[in-house]
Amino acid sequence: MKPLRESSAIERSLVAVVDDDESVRESLPDLLREFGFAAHAFSSAENFLASDSIGKTRCLILDIAMPGMTGLALQRELKIRKHKIPIIFITAQKDEAVRVRAFEQGAAEFLLKPFSDTALLAALDTALRSS
Amino acid sequence: MGGAYYVGELHHSRAGYGLIADADGGRAVNSDAPEIAISSDVLRKWQRIVDLLANIMHVPSAVVCKIEPPDYTHYTVISSSNSTGNPFPVDQIFSMDIGTFCETVIKSREPLLVANGLENDQWKSAPEMRVGMVSYLGFPVFWPDGRVFGTICVLDNKTNRYSDMYQELLSHCRDVLQGDLQTLARLGSELEEQKAHLSELFARVPEAIVLADRDCRIVRVNPEFTKIFGYTAEEAIGRRLQDLIAPDELQEEVESVMYRMVPTGGVFAVETVRRHKNGMPVPVSLLCVPVSSLGSGDTGYVIYRDMTETKRLQDEQRRYQEIQLELAHANRIATIGQLSASITHELNQPLTGILTNCSTGLRMLTDDSPNLDGAREAIRRTMRDANRASEVILRLRTLYSKREVTAELVDLNETTREVIALSLGELQKGQVIVRTEFADDLPLVIGDRVQLQQVVLNLLLNALDAMIGVNDRPRQLVVKTHRQEGDCVGVSVQDSGVGFEPHTVDKLFEAFYTTKQDGMGMGLSVSRSIIESHHGRLWAVPHDGAGATFSFSIPCRTNTNIQ
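Not measured: the values here are computed from a predicted model. The written sequence of each chain sets the order in which its residues are numbered from 1. In the order they appear in the text, chains get letters beginning with A and ligands get numbers beginning with 1. Residues qualify for local features only when their pLDDT is at least 70, as the model is predicted, and side-chain atom pairs are given and counted only at 80 or more; totals for whole chains, interfaces and linings, by contrast, use all residues. Note: side-chain values were computed over all heavy atoms of the structure, leaving out hydrogens and water.

Caption draft 1: The arrangement of helix α12 (residues 412-429) of chain B in detail. All names here are of chain B. Under the scheme used here, helices are H or I runs from DSSP no shorter than 4 residues and strands are E runs no shorter than 2 residues, and both carry numbers assigned from the N terminus. Here a helix's expected span is defined as the number of its residues, less one, multiplied by 1.5 Å. The terminal C-alpha atoms of α12, which comprises 18 residues, lie 25 Å apart, in line with the 26 Å expected from a rise of 1.5 Å per residue. Helix geometry: α12 is bent most strongly at Ser423, by close to 55°. The classification of residues rests on relative accessible area computed with a 1.4 Å probe and restricted to protein chains. Under 20% of the type maximum is buried, over 50% is exposed, and intermediate values are partly exposed. Within α12, 13 of the 18 residues are buried, leaving the element largely enclosed by the surrounding structure. The residue sitting at the N-terminus of α12 and contributing the capping side-chain oxygen is Asp411; that oxygen lies 2.9 Å from the backbone nitrogen of Asn413. Gln431 sits one or two positions beyond α12 and adopts a positive phi of about 50°. Values of bend correspond, residue by residue, to the angle between axes fitted over the seven residues ending at that residue and the seven starting there. Residues adjacent in sequence count toward polar contacts only when both atoms are side-chain atoms; beyond that, a polar contact is any pair of N or O atoms within 3.5 Å, and within protein one must be able to donate a hydrogen and the other to accept it.

Written out as structure tokens, the structure reads:
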């Protein structure tokens, strides 16, 4: 796999993480920074929508099951607001219906927790190419 | 009393001397009545009386005779005056068909006076004539119940008309004798009554009673002994206890028990096993009662209570509890099975953290300029997530484990919170909005934490199932803990699901009643038995609108100390 940090096109691109789970919010941004991205984590869909990061985000890593607005709902909301941010869904639950739905709504990638760093890199590659 | 009695005034018409005439005039045979012995002190007193009589009346012989039951075919001289010329020694026996004076008195139940038998055809060949006793004055002596005891009489070797005073004296002596008999009879009947009570006790007590001698040989057993051990009294008496009813391996125990049965020793109890005639073991509780025997050689009573039924009930109770435990466990396994989404979620979250942190740390360390601080932080987070994962496993393992019921102090708020955490994935998947209203300063309850969690879990999953088909309204779950009247605390789970018909409320808690396609119908039944074993209650109320509320309450023990 081509190391992404050597690709100047996406260097310092902002990747946003939305997950209600704290250990994901803590760990994922560090890894993303190691990959060479800028990273910002949000504990809920609502927080992300309210932030000013929304316009700068090049890629969104989004949890499916969250209290309040779910990942799929946020995906729809972004579509309505015309934000074309590529989305990598991450979920702890294997649910084929949800997966199909996510792709129908235009998801770039769909990862099952836990995932490896290479799987994440590949997903980011796919997502950023799609934009 | 007075006057003379003449020869020939005999009344053979009386029913019989050994019999009494009862109120109906019929014959009430009293030959069953046990013989009352004349005690030696009474006999000494009577001896003094006959000696005095002979002396005062200047006659050679004064005697007391006793008719001998049960045949009444003879009588015996039991007191006879120590006077010169007395031909009748004590213990001399007279047949009742030889025509003696006393025989006549006994048969007639009347006094008799014969001044000189030689001058009378009826008496000139009487046996007394042959020993020189020609005159006779005798009174019948009666038992208090009217039976003839015998006679008291004086005899002379010459004509003697026995003055009125002498007759009165002899009659008075007869009264003294009868008074003594009355006392003896009363003591005898009291003794009889006591013996009868003891016999009845012996016969009717639902414990086997054995009287054993100092060689452990059985002297006496009661009917219950036969019931418990199978041996009849005939089979048991004379046998040694250890040979008859002790299992081979308990020979020493029996001997040590019998060894302790010393007359000076106290009563003691032993829980053990004995053997039935058919070889089956009989669990018994035995009570050893040493008796201070008067040289009879008896060591004491052993009283056996058959514990078979008690043991059976205890076993049944134990088995029932085991089944309850098994059921509760089976229900837990089945319930946890429904939590797969939650469990996956609960484990995958920390695993994601672990994997991500490890990748990050590795990258930081293998970089051209290693970021040690960053790596250290990543490893610290890895450890935290690993701990979190193992906590999930621990919680699950507790729920999965099959274990004895424990009593510990349980915080229902914490318990409920943990269960909600465990099932959050499931609830989120079912798009259920969960709201909790936990009471502050909820008193602790004493109970089994795992079982109480199981109940809350059952209620949560039931509520979830009840709402799964609901699409026209929010799927709302409200979980409350509350303090109730009468020092009870409770948990209620309120859903907006399909609810239930009020008339089915009793069925809800029956085993194998289910409205779910893949349900076993055990959840509520097991939950109710768990709550009842905590002395609480579990109930359900359908809402007027949508859904239902399931609640339980259990008593809290604020002042109880758990060691």
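Caption draft 2: Up close: the packing of helix α13 (residues 449-467) of chain B against helix α15 (residues 523-533) of chain B. Residues and elements named next belong to chain B. The N-to-C vectors of α13 and α15 enclose an angle of 145°; their axes lie 9 Å apart at closest approach. As α13 packs across α15, the resulting crossing turns out to be left-handed. The residues of α15 that touch α13, namely those facing Gln451, Leu452, Gln454, Val455, Asn458, Leu459 and Asn462, are Gly523, Leu524, Val526, Ser527, Ile530, Ile531 and Ser533. Residue polarity is assigned by list, with Asp, Glu, Lys and Arg as charged and Ala, Val, Leu, Ile, Met, Phe, Trp, Tyr, Cys and Pro as nonpolar; anything else, Gly included, falls into the polar class. Here the residues of the contact of α13 with α15 sort into seven nonpolar, seven polar and no charged. Axes here refer to lines fitted to C-alpha atoms; in helices the fit is confined to the stretch in contact. Angles between the N-to-C directions go from 0 to 180 degrees. Helix crossings get a hand from a simple test, with the near helix turned counterclockwise from the far one by less than a right angle marking a left-handed crossing and a clockwise turn marking a right-handed one. Throughout, a residue-residue contact means that at least one pair of heavy atoms, one from each residue, lies within 4.5 Å.

Caption draft 3: Representation of the interface of chain B and chain A. Chain B puts 25 residues into the contact, and the matching count from chain A is 26 residues. Here, a salt bridge means any side-chain nitrogen of Lys or Arg that lies within 4 Å of a carboxyl oxygen of Asp or Glu. Here chain B and chain A share four salt bridges between them. We note a salt bridge from Arg384 of chain B to Glu26 of chain A, for which the minimum N-O separation is 2.7 Å. Counting across the chain B and chain A interface gives eight residue pairs in polar contact (both at pLDDT 80 or more). Counting residues per element, the ones that place at least two in the side of chain B that touches chain A are α10 (340-366), α11 (372-400) and α12 of chain B. Here the side of chain B that touches chain A gets 17 residues from one element, more than from any other, and that element is α10 of chain B. Split into classes, the residues belonging to the side of chain B that touches chain A amount to five nonpolar, 13 polar and seven charged.

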